[in-house]
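# Commentary on secondary and tertiary structure
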Amino acid sequence: MLFNSYFFLLVFLPLSLLGFFLLGRFGKSVGANWLAACSLFFYAWWDSRYIALLLGSICVNYLAGSYIASHAGKIKARTALIVAIAANVLLLGYYKYADFFVTSANAVFETNWPVLGVILPIGISFFTFTQIAFLVDAWAGKVREYRFVNYVLFVTYFPHLVAGPVLHHKEMMPQFDDGRNYYARAENFAIGLTIFAIGLAKKVLIADNLSTYANPIFSAQASTPSFFLAWGGALTYTFQLYFDFSGYSDMAIGLSRLFGVRLPLNFNSPYKSHNIAEFWRRWHMTLSRFLRDYLYIPLGGNRHGATRRQINLMTTMVLGGLWHGAGWNFAIWGLLHGGFLVVNQHWKSICRRTPFRLPPRYAGVFSVMLTFLSVVVAWVYFRAPDVATANRIIMGMAGSAGAALPDAMVTRLGPLAQALDHVGIKSYLGGGATFFETWCWIVVSALIAFLTPNTQEIMRRFEPALPDESHVGFERGHRLAWMPQRRSAMVVGLLFALGVLALSRPTEFLYFQF
């Protein structure tokens, strides 16, 4: 079920809220049971066959976590932890990578093993990672609450179930146990609906429109695009993914706030980052936290010297890339980001020994743009259906297919047209309207992404999400800060109305496929 669908907005969400607050008056467990049942229905709406897989995973991990916690410090608990994590990884590996391994083996060994045609259960990455974190926390003695219904709700809670954020047991259980959250509060509804309306607008008014201009460039059948077309396609996808994921993250936080529950922040204006390490503290923040705490640090982190630290970084990012998808293009995307992080560390070391410094204002703009361009190049491998297509687009961005502008545009440039011809920029017939619209969307998207406050900054006074651990600050006292007053209500109402009117063709969120 999609957040951006009429059935969700007009039927599922109102009934879920009504039942939760009515039944909550008969006890917290009654309200929690209702919300867990609604979450399972939300998941089954996609494909009811996989509800058994989800429930089986929940039961096995709950029993394993309880056993591990009750035998903390003993060798049998450690054995159970290893077995349980291995079972989760194998389950995820089968559904996500079985066909990838068969296809790769056929390519390497020139065999014809048939692919299995495994359908990836939606959200399996997120509920698997959430439960692995639960098992490790149980081993570390951080789990305090073991009521089964609350555990089911912790895993299946529908605002986060299919695309994150990745939750921690300790940050959600106290909220599910807080009796005040089982009573409807006007403040929560005002804050939650405002955040949801902003997220819906990002998704359906910006991201979905950008996809129209990004998709043709990334077609596997397309030839190598010329310079401006290649950059146009890469940039429209860059902003499509940005507003799609930002929109989903806002909608999840807003929906959860309606139930009085605050989710962890998962998105914080990543394109404003001054370096690639900061980018990963702002992009998919809970996944970055998971990879740091449960992969990078167990690998050794930065505890065994510079070389080992770089190997750990590369390993973490490549595995993070493969988590996003079973394909060599995702591995290359992870490899690029691992390389960026290693280069960033060396660059910081060089800068500390260099007396020359750019003025802070210029240094800031330069570092933001360099980080952004690095991310754009890597997104090409992330979006492309295969490595060959990604390589063609990268070659186009490098100018290998030349540079050309629509003839309808060049003829309006007057004397400048001759100058463009001298530097090798040619013209071509047709496509003028699409070219113009593409770059208009890019400019508007860039202005919003770089120059406007994000939802957390707009709503900052009302603490819409759990405290942030990324140590990345927010702008303070912005003039667009939301206040519970008539003007804000009118703006939010207009955004919500425009968003609902655009729901005639609901589209999936990009992160659903991961």
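All figures in this text were calculated on a predicted structure; none of them were measured in a lab.

## Some details on the overall build of the protein chain
When you go through the protein chain residue by residue, the secondary structure sums to 20 helices and two strands. Relative to the 2.2 N^0.38 estimate, which gives 24 Å for 514 residues, the radius of gyration of the protein chain is 24 Å and therefore close to what a compact globule would have. In terms of its C-alpha atoms, the protein chain occupies a principal-axis envelope of roughly 80 × 60 × 55 Å. For the protein chain, the proportion of contacts with a sequence separation of at least 24, taken over those separated by at least 6, is 75%. Carbon and sulfur atoms form 66% of the exposed surface of the protein chain, whose accessible area is close to 23800 Å². Of the side chains in the protein chain, 41 bear a positive and 24 a negative charge, and the two mean positions are spaced by 8 Å.

## Re the packing of helix 8 (residues 186–214) against helix 9 (residues 227–258)
When two helices pack together, their arrangement is given by the angle between the helix axes and by the axis-to-axis distance. For the pair helix 8 and helix 9, interaxial distance at closest approach is 7 Å and the crossing angle is 160°. Taken as axis vectors, helix 8 and helix 9 run roughly antiparallel relative to one another. The two elements helix 8 and helix 9 cross, and the hand of that crossing is left-handed. Taken together, the residues of the contact of helix 8 with helix 9 break down into 19 nonpolar, 10 polar and six charged.

## Some thoughts on the domain arrangement of the protein chain
Under the domain assignment, the protein chain is made up of domain 1 (6–184) and domain 2 (191–512). The straight-line distance from the C-alpha centre of domain 1 to that of domain 2 is 28 Å. Between domain 1 and domain 2, the residue contacts involve 37 residues of the former and 34 residues of the latter. Both faces combined, the contact of domain 1 with domain 2 buries some 3200 Å², and carbon together with sulfur accounts for 71% of it. In terms of surface lost to domain 2, no three residues of domain 1 exceed Tyr6, Phe100 and Phe129, which account for 17% of the buried area on that side. Applying the counting criterion to the domain 1 and domain 2 interface returns one salt bridge. Here Arg289 makes a salt bridge to Glu171, at a shortest N to O gap of 3.2 Å.

## Digging into the pattern of salt bridges
Within the structure shown, the criterion is met by 12 salt bridges. Between Asp208 and Lys203 there is a salt bridge whose closest N-O contact spans 3.0 Å. Taken individually, Asp208 and Lys203 each receive the classification buried, so the pair is uniform in this respect. Glu463 is paired through a salt bridge with Arg262; the nearest N and O atoms lie 3.9 Å apart. Of this pair, Glu463 sits in the loop between helix 19 (455–458) and helix 20 (486–501) while Arg262 sits in the loop between helix 9 and helix 10 (276–282); the two residues are 201 residues apart in sequence, bridging distant segments of the chain. The partly exposed category is assigned to Arg262, whose relative accessible area is 22%.

## Things to note about the nonpolar core
Membership of the largest hydrophobic core comes to 137 residues, with the highest contact counts inside it found for Phe3, Phe8, Phe158, Trp283 and Trp379. Leave out the neighbours within four places in its chain, and Phe158 touches Phe3, Phe8, Phe12, Leu13, Leu35, Ser39, Phe42, Leu255 and Phe259. Listed in part, the seven residues of the second largest apolar core include Val410, Leu420, Ile425 and Phe435.

## Notes on the packing of aromatic side chains
Within the structure shown, the criterion is met by 58 aromatic pairs. Relative to Phe496, the ring of Phe196 lies with its centre 6.4 Å away and its plane at 50°, an arrangement referred to as tilted. With Phe196 in helix 8 and Phe496 in helix 20, this pair connects stretches of sequence that are 300 residues apart. The buried category is assigned to Phe196, whose relative accessible area is 2%. Here the aromatic rings of Trp333 and Trp379 are separated by 5.7 Å at their centres, their planes lie at 15°, and the arrangement is stacked.

## Brief notes about the side chain of Thr236
Its place among the elements puts Thr236 in helix 9. A polar contact of 2.9 Å, which involves the side chain of Thr236, links it to the backbone oxygen of Gly233. Those residues in contact with Thr236 that lie beyond four places of it in its chain are Leu210, Tyr213, Ala214, Thr438 and Ile442.

## Details of helix 6 (residues 148–156)
Among the nine residues of helix 6, eight are classified as buried, and the element is accordingly described as predominantly covered. Turning to helix 6, its buried residues are Val149, Asn150, Tyr151, Val152, Leu153, Phe154, Val155 and Thr156. Elements that come into contact with the buried residues of helix 6 comprise helix 2 (28–44), helix 3 (51–70), helix 5 (124–139) and helix 7 (169–176).

## Looking at the side chain of His71
Within the element layout of this structure, His71 appears in the loop between helix 3 and helix 4 (75–109). Polar side-chain contacts of His71 include one of 2.9 Å to the backbone oxygen of Tyr67.

## A word on a positive patch on the surface
A contiguous patch of positive charge on the surface is contributed by Arg281, Lys348, Arg352 and Arg353. By residue number, the principal contributor to the positive patch is helix 13 (residues 328–353), which donates three residues. Among the structural elements, Arg281 can be located in helix 10. The class of Arg281 is partly exposed, set by a relative accessible area of 36%.

## Some thoughts on a nonpolar patch on the surface
Judged by side-chain polarity, Tyr6, Phe7, Leu10, Val11, Leu15, Leu18, Leu22, Phe41 and Trp45 come together as a nonpolar surface patch covering roughly 880 Å² of accessible area. Counting residues per element, the nonpolar patch draws most heavily on helix 1 (residues 6–23), which supplies seven residues. Secondary-structure assignment places Leu10 in helix 1. Residue Leu10 is classed as exposed on the basis of its relative accessible area of 62%.

What counts, and where the lines are drawn
- Residues numbered from 1 in each chain as written.
- Predicted model: local features only at pLDDT ≥ 70, side-chain atom pairs only at ≥ 80, totals over all residues.
- Heavy atoms only, no water.
- Helix = DSSP H or I, 4+ residues; strand = E, 2+ residues; numbered from the N terminus.
- Rg over C-alpha atoms; globule rule 2.2 N^0.38 Å.
- Contact = heavy atoms within 4.5 Å.
- Areas by Shrake-Rupley, 256 points an atom, 1.4 Å probe, with all protein chains shown as cover.
- Lys, Arg positive; Asp, Glu negative; His and termini not counted.
- Charge placed at Lys NZ, Arg CZ, Asp CG, Glu CD.
- Axes fitted to C-alpha atoms, helices over the stretch in contact; angles between N-to-C directions.
- Parallel < 35°, antiparallel > 145°, perpendicular 65-115°, else oblique.
- Left-handed = near helix turned anticlockwise from the far one by under 90°.
- Nonpolar A, V, L, I, M, F, W, Y, C, P; charged D, E, K, R; others polar.
- Domains from an automatic or database assignment.
- Buried area = accessible area lost by both parts, 1.4 Å probe.
- Salt bridge = Lys/Arg side-chain N within 4 Å of Asp/Glu carboxyl O.
- Buried < 20%, exposed > 50% of the residue type's maximum accessible area, 1.4 Å probe, protein only.
- Core = buried A, V, L, I, M, F, W, Y, C linked by side-chain atoms within 4.5 Å.
- Phe/Tyr/Trp six-rings, centres within 6.5 Å; stacked < 30°, edge-to-face > 60°.
- Polar contact = N/O pair within 3.5 Å; in protein donor to acceptor, adjacent residues only side chain to side chain.
- Patch = residues over 30% accessible without salt bridge, like charges linked within 9 Å, V, L, I, M, F, W, Y side chains within 5 Å.

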